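Here is what each chain is made of, one letter per residue.
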Amino acid sequence: MAKLNESQIADYVRKTEMFSGDDDLTVTELSDGNINYVFRVKNRKGRSVIVKYADDRIRTSGNYLTIDRNRIETSALASEGKLAGNYVPEVYLYDRDNCLFIMEDLYDYENMRLALMQQKIFPSFASDITDFLVKTLILSTDDVTDPMEKKKQVGEFINPMLCRITERLVFSEPYDSSCPYNNYTPEITDFILQEVCNNDLLKLEVARLKNTFKNKAQSLLHGDLHTGSIFVRKDSTRVLDPEFAFYGPAGYDVGNVIANLIFAWVRNSYTAGNEEFGQWVLDTIVYVFDHFFAEGKRLLEKEATDPMARVKGYSDFLMKDMKTDSIGMTGTELIRRTIGDAQVKDLTTIEKPARLYAEKTCILLAEDMIINRAEYETGCQIIEQLQKIRSEQE
């Protein structure tokens, strides 16, 4: 299918009558990923919307990718909006035939990854993202949602091609030294081979986590909740791009958030560190991790509809299960973003030799979190282990 150009996008939006009587529209392409095309359409009065268009080919490789991800994304935004309120952009129109949707333009928000690389602090983020995680992940479980509705929703969010990408990029390729898509920093190749690719215990535990990812249809996941999919202001947080959404283990989303905050701290630690910013990131990690399970337990006990979910001790069991998954999934995100096919700018823009130590810190922390995931109970344990490993790299 042919890619829509700026003129065609303008004509399409004009026909929707979203900009009544105003034919002078400016279209700017904002795309920065490998999959979708994103445009800002703006009129003379300054009102703007975002148009997200799904082609059936990946731009970098030319490989086929289902356009059904467009439906998945808009459905996920609608579901997350119902579950968690004003943490996602509003979708104004979804057009299945033309493989696009139009949504709210978050023009006054910043991409969180880029903002964190500039050492910016966002006071409301910790409570915002925790509230989003608690409501979307706990309220979408079988313990709260009617079982018939839950099974229907699981079917609606079957997302095989995007899940296959995750299964490959997160749980398989980084552990295969022959995979041509991995990106090893040459100076630490031997270290990577020893700690990751030739580490049979680590690979066994990752295989177990992959099995969990594939088979635990627990909660409605965003599926790719890194800081590049979060837009922030000092007083507000919005979550975007849930095209990888499906029903999976709640710990996957929690782990992705924690891992990407760790990247922000590691970058700050190995560059011109800002002490206030670094402490804020550590405090945020502790808050998100600890409050997710405390608030998740409270919400479950309040909203559970399944009588067995109200049995004494069940909420503690479920939180422990989610906690163990969250720690393990933090580790897999750290490894895949450090040595896999989709690395993060937090690390790749650090100058050598500091980058080598930064990558080693992430890999060693990930190894411990994956293998010993059941031993982590609090957010403080995460940052204590992070700081310990960081100090050993000096």
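Whatever comes next refers back to the structure up there.
Predicted model only: the values in this text are computed from it and were never measured.

About the thresholds
- Residues numbered from 1 in each chain as written.
- Predicted model: local features only at pLDDT ≥ 70, side-chain atom pairs only at ≥ 80, totals over all residues.
- Heavy atoms only, no water.
- Helix = DSSP H or I, 4+ residues; strand = E, 2+ residues; numbered from the N terminus.
- Rg over C-alpha atoms; globule rule 2.2 N^0.38 Å.
- Buried < 20%, exposed > 50% of the residue type's maximum accessible area, 1.4 Å probe, protein only.
- Contact = heavy atoms within 4.5 Å.
- Expected span 1.5 Å × (residues − 1).
- Arc of directions from axis to C-beta.
- Axes fitted to C-alpha atoms, helices over the stretch in contact; angles between N-to-C directions.
- Parallel < 35°, antiparallel > 145°, perpendicular 65-115°, else oblique.
- Left-handed = near helix turned anticlockwise from the far one by under 90°.
- Nonpolar A, V, L, I, M, F, W, Y, C, P; charged D, E, K, R; others polar.
- Salt bridge = Lys/Arg side-chain N within 4 Å of Asp/Glu carboxyl O.
- Pairing = 2+ DSSP bridges.
- Phe/Tyr/Trp six-rings, centres within 6.5 Å; stacked < 30°, edge-to-face > 60°.

Caption draft 1: Here's a closer look at the overall build of the protein chain. Of the regular secondary structure elements, the protein chain holds 14 helices and 10 strands. At 21 Å, the protein chain has a C-alpha radius of gyration in line with the 21 Å of a compact globule built from 394 residues. Relative to its 394 residues, the protein chain shows a buried fraction of 58%. Of the contacts formed within the protein chain by residues at least 6 apart in sequence, a portion of 72% connects residues at least 24 apart.

Caption draft 2: Broad picture of helix α8 (residues 200-215). In this model α8 runs 23 Å from its N-terminal to its C-terminal C-alpha over 16 residues, within 8% of the 22 Å that 1.5 Å per residue would give. Among all positions of α8, only L202, E205, V206, L209, K210, T212 and F213 are buried. Here the buried residues of α8 occupy an arc of 155° about the axis, which is enough to place them on one side. In this structure, α8 carries D200 and N215 as exposed residues pointing more than 90 degrees from its buried face. If you follow the buried residues of α8, they end up packed against α6 (160-171), α7 (189-197), β10 (246-248), α9 (250-270), α11 (314-339) and α13 (354-371).

Caption draft 3: Representation of the packing of α9 against α11. In the contact formed by α9 and α11, the axes pass within 7 Å of each other and the chain directions differ by 50°. Our classification of the angle between α9 and α11 gives oblique. In the crossing of α9 with α11, the sense of the turn from one axis to the other is right-handed. Along the contact surface, α9 presents A250, G251, Y252, V254, G255, N256, I258, A259, N260, I262 and F263, while α11 presents M322, D325, S326, M329, T330, E333, L334, R337 and T338. Each residue belonging to the contact of α9 with α11 can be placed in one class, and the counts come to 10 nonpolar, 7 polar and 3 charged.

Caption draft 4: Summary view of the pattern of salt bridges. Applying the stated rule across the entire model yields 33 salt bridges. Where D241 meets K52, a salt bridge forms, and the shortest distance between an N and an O atom there is 2.7 Å. Highlighted residues: D241 in the loop between β9 (236-239) and β10 and K52 in strand β3 (residues 48-54), separated in sequence by 189 residues. Residue classification places D241 among the partly exposed positions, given a relative accessible area of 24%. With a relative accessible area of 4%, K52 lands in the buried category.

Caption draft 5: Region of interest: the sheet that holds strand β8 (residues 230-233). Reading across the sheet, the 3 strands line up as β6-β8-β9 and stay open at both edges, with antiparallel pairing between neighbours. Here the strands that pair on one side only, and so sit at the sheet edges, are β6 (110-111) and β9. Of the strand pairs in this sheet, β8 and β9 are connected by 4 bridges, and their pairing is antiparallel. When the sheet's bridge partners are listed, F231 is paired in β9 with R238. Helix-sheet contacts for helix α4 (residues 125-138) involve β8 and β9, and the interaxial angle to β9 is about 40°.

Caption draft 6: Looking closely at helix α14 (residues 379-392). A rise of 1.5 Å per residue sets the reference length of α14, with its 14 residues, at 20 Å; its end C-alpha atoms lie 20 Å apart and thus fit the reference within 8%. Taken as a whole, α14 has its buried residues at G379, I382, I383, Q385, L386, I389 and R390. Within α14, the buried residues cover an arc of 160° as seen down the axis, which keeps them to one side. Where α14 is buried, its residues touch α9, α10 (275-303), α11 and α13.

Caption draft 7: Just the packing of aromatic side chains, in detail. According to the stated counting rule, one finds 11 aromatic pairs in the structure shown. Ring geometry for F171 versus F213: centroids 5.2 Å apart, planes at 40°, classification tilted. Within this pair, whereas F171 is found in helix α6, its partner F213 is found in helix α8, the two being separated by 42 residues in sequence. When the centroid spacing of 5.0 Å and the interplanar angle of 70° are considered together, the rings of F289 and F293 count as edge-to-face. Of the two residues, F289 and F293 both sit in helix α10, 4 residues apart, roughly one turn of that helix. Taken as a pair, F289 and F293 share a single burial class, namely buried. Taken together, the aromatic side chains of F171, F213, F246 and Y252 make up a single cluster linked through ring pairs.

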